[in-house]
Amino acid sequence: MPPVPLVRVIRSGIDESVHTGSVAVADTHGALVAFAGEPGRPTFARSAMKPLQAAVSVSLAEEPDLSDAEVAVMCGSHNGELVHLRAVRSILERAGLTTEALRCPAARPLDAEEARRAREPRSEYHNCSGKHAGMLLASSRRGFPMGTYTEPDHPLQRAVREAVEVATGQEPEAEGVDGCGVPVHLLPLSALATLFARLVTDGRVAGAERVVAAMRAEPYLVAGRDRACTAIMETGPGLIVKVGAEGLMCAGIPEQGLGVAVRVDDGGTRAGPPAILRVLELLGAIDVDHPALAPFVRPPVRGGGLPVGELVAVFELQKTRTMPG
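Quantities reported herein were computed from a predicted structural model and do not represent experimental measurements.

Trainee: What am I meant to see in the overall build of the protein chain here?
Mentor: Within the protein chain, the secondary structure is distributed over twelve helices and twelve strands. Over its C-alpha atoms the protein chain spans a radius of gyration of 19 Å, differing by no more than 12% from the 20 Å that the globule rule assigns to 325 residues. The buried share of the protein chain, taken over its 325 residues, is 55%. Counting contacts in the protein chain only where the partners sit at least 6 residues apart, residues at least 24 apart contribute 65% of the total. With an accessible surface of roughly 12900 Å², the protein chain has 49% of that area assigned to carbon and sulfur atoms. Side-chain charges in the protein chain split into 33 positive and 39 negative, and the spacing between the mean points of these groups amounts to 3 Å.

Trainee: What should I look at first to understand the environment of Val-279 in this one?
Mentor: Relative to the helices and strands, Val-279 is located in helix H11 (residues 272-282). You can call Val-279 buried: its relative accessible area is 0%. Measuring from C-alpha to C-alpha, the distance between Val-279 and Ala-24 comes to 9.5 Å, with 255 residues separating the pair along the chain. Those residues in contact with Val-279 that sit more than four places away from it in its chain are Val-23, Val-25, Val-260, Val-262, Phe-315 and Leu-317.

Trainee: Any chance you could explain the sheet that holds strand E4 (residues 42-44) here in plain terms?
Mentor: Strands in a sheet are paired, the pairing made by backbone hydrogen bonds, and the direction either parallel or antiparallel. Spatially, the three strands line up as an open sheet ordered E4-E6-E5, and their pairing is antiparallel. Strand pairing shows two members of the sheet lacking a second neighbour, E4 and strand E5 (174-177), which therefore form its edges. Looking at each pair of strands side by side, their axes are set apart by 30° on average, direction ignored. Pairing analysis gives three bridges linking E4 to strand E6 (residues 183-188), with the strands arranged antiparallel. Bridge pairing in E6 links Thr-43 to Leu-187. Its contacts with the sheet put helix H6 (residues 155-168) on E5 and E6, and the angle it makes with E6 is roughly 15°.

Trainee: Would you mind going over the pattern of salt bridges with me for this structure?
Mentor: Two side chains bearing opposite charge may form a pair once their charged atoms approach each other closely. Throughout the structure, instances matching the rule amount to 23 salt bridges. Notably, a salt bridge pairs Glu-124 with Arg-122, separated by 2.1 Å at the nearest N-O pair. We classify Glu-124 as buried; its relative accessible area is 4%. Judged by its relative accessible area of 30%, Arg-122 falls in the partly exposed class. With its nearest N and O atoms 2.7 Å apart, the salt bridge here joins Asp-202 to Arg-204. By sharing partners, the salt bridges in this structure join Glu-63, Asp-65, Glu-70, Arg-94 and Arg-141 into a single network.

Trainee: Which parts of the structure should I look at to understand the side chain of Thr-230?
Mentor: Relative to the helices and strands, Thr-230 is located in helix H10 (residues 228-235). Among the polar contacts listed, one links the side chain of Thr-230 to the backbone nitrogen of Gly-224, at a separation of 3.0 Å. With residues up to four places along the chain from it excluded, the contact list for Thr-230 reads Pro-219, Tyr-220, Ala-223 and Gly-224.

Trainee: I would appreciate a short explanation of the nonpolar core in the present structure.
Mentor: Most often, soluble globular proteins have nonpolar side chains that are buried together. Val-25, Ile-232, Phe-315 and Leu-317 are the most contacted members of the largest nonpolar core, which totals 103 residues. Considering each element in turn, this core owes the most residues, eight residues, to helix H7 (residues 189-201). Ignoring sequence-local partners within four residues, the contact set of Leu-317 consists of Val-23, Val-25, Ala-34, Phe-35, Ala-36, Val-279, Leu-282 and Leu-283.

Trainee: Any chance you could explain H10 here in plain terms?
Mentor: An α-helix turns once per 3.6 residues; consequently, residues spaced three or four apart project the same way. The element H10 is largely enclosed, with a buried count of seven among its eight residues. Among the residues making up H10, those that are buried are Ala-228, Cys-229, Thr-230, Ala-231, Ile-232, Met-233 and Thr-235. Residues of H10 that are buried in the fold lie against helix H8 (208-217), helix H9 (219-222), strand E7 (240-244), strand E8 (248-253), H11 and helix H12 (294-297).

Trainee: I'm lost on the pairing of strand E2 (residues 14-27) in this one. Help?
Mentor: Regular strands place their side chains on alternate faces of the sheet. Bridge analysis of strand E1 (residues 4-11) against E2 gives seven bridges, and the strand direction is antiparallel. In the strand pairing of E2, Arg-8 is matched with Val-18. In textbook terms, the turn of a hairpin is the stretch between consecutive antiparallel strands, and for E1 and E2 this stretch comprises two residues, one of which, Ser-12, has a positive phi near 55°. Where E2 lies against strand E9 (residues 258-264), seven bridges are found, and the strand directions are antiparallel. Bridged to Ala-24 within E9 is Ala-261. Bridging between E2 and strand E3 (residues 32-36) involves four bridges; their strand directions are antiparallel. Of the residues in E3, the one forming a bridge with Ala-24 is Phe-35. If you look at the hairpin formed by E2 and E3, you'll find four residues sitting between the two strands, and Gly-30 has a positive phi there, around 85°.

Definitions and limits used
- Residues numbered from 1 in each chain as written.
- Predicted model: local features only at pLDDT ≥ 70, side-chain atom pairs only at ≥ 80, totals over all residues.
- Heavy atoms only, no water.
- Helix = DSSP H or I, 4+ residues; strand = E, 2+ residues; numbered from the N terminus.
- Rg over C-alpha atoms; globule rule 2.2 N^0.38 Å.
- Buried < 20%, exposed > 50% of the residue type's maximum accessible area, 1.4 Å probe, protein only.
- Contact = heavy atoms within 4.5 Å.
- Areas by Shrake-Rupley, 256 points an atom, 1.4 Å probe, with all protein chains shown as cover.
- Lys, Arg positive; Asp, Glu negative; His and termini not counted.
- Charge placed at Lys NZ, Arg CZ, Asp CG, Glu CD.
- Pairing = 2+ DSSP bridges.
- Axes fitted to C-alpha atoms, helices over the stretch in contact; angles between N-to-C directions.
- Salt bridge = Lys/Arg side-chain N within 4 Å of Asp/Glu carboxyl O.
- Polar contact = N/O pair within 3.5 Å; in protein donor to acceptor, adjacent residues only side chain to side chain.
- Core = buried A, V, L, I, M, F, W, Y, C linked by side-chain atoms within 4.5 Å.

Without other data, these values stay purely geometric and don't point to any function.
Spelled out as structure tokens, the structure:
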């Protein structure tokens, strides 16, 4: 199946452009239960893999008193706000390390206000620094080499790949290098949906239960101010949501035992939130009329500094079996 229109961009009452893409909804057995477009589309998991990577780090570290904030920031593509930096530093302190040990690139905070305050790019500001801190903690506790933890043949990265195969039920089609320098896995979109279904309902992935609990308890640490992942998790009971780069967004719905993966073809970020909220609405998993979701359900299009239109999700799901919604 070809990709389909997911989100239309309306300016002054006229359809100005359209974002195409695909959606996959899968259960814990790996069965595709609903879709739009091309559910088998090969997709690099990018930052949507962070909850699984964090589960591996938590499991290997065997650190029973890790706080929810520390675990949640390991899963996060965080804004670089002070609350995020404190959690990253706390993880590193457990390992007797400083931010100098981080091998993610120097960056400025994602949050515009924090970026203005930042004097220079730093590795701890990178949105992946929590994931990297968790990998360093796990490596230190296991006696793994510390300077090469981002390499594909490092014991921690081999453990991540094994967890990917368990969580998706298949081997990655390829392995590349993510933006932060760690290995990134190429999988069908439907396999990413399976991964999220298993994360939230299935005990087969070691550390997953702890990670999911932390994301629910501290959704602000997963993203932050004005971010869709945080707003959706704060609003939707039990949901976990994680953005990935290049137009990817994923979610787990524990009450239904389902995972969702949305991929916007153009790789942009603006269409992802309305698209995944449309899926969650169609599945009956969230009330999109909640005021906190208004900026993400129909994001405004502006002209002269004022709203003159909106982004609107326009697709339906093709269901392969009876399901809620």
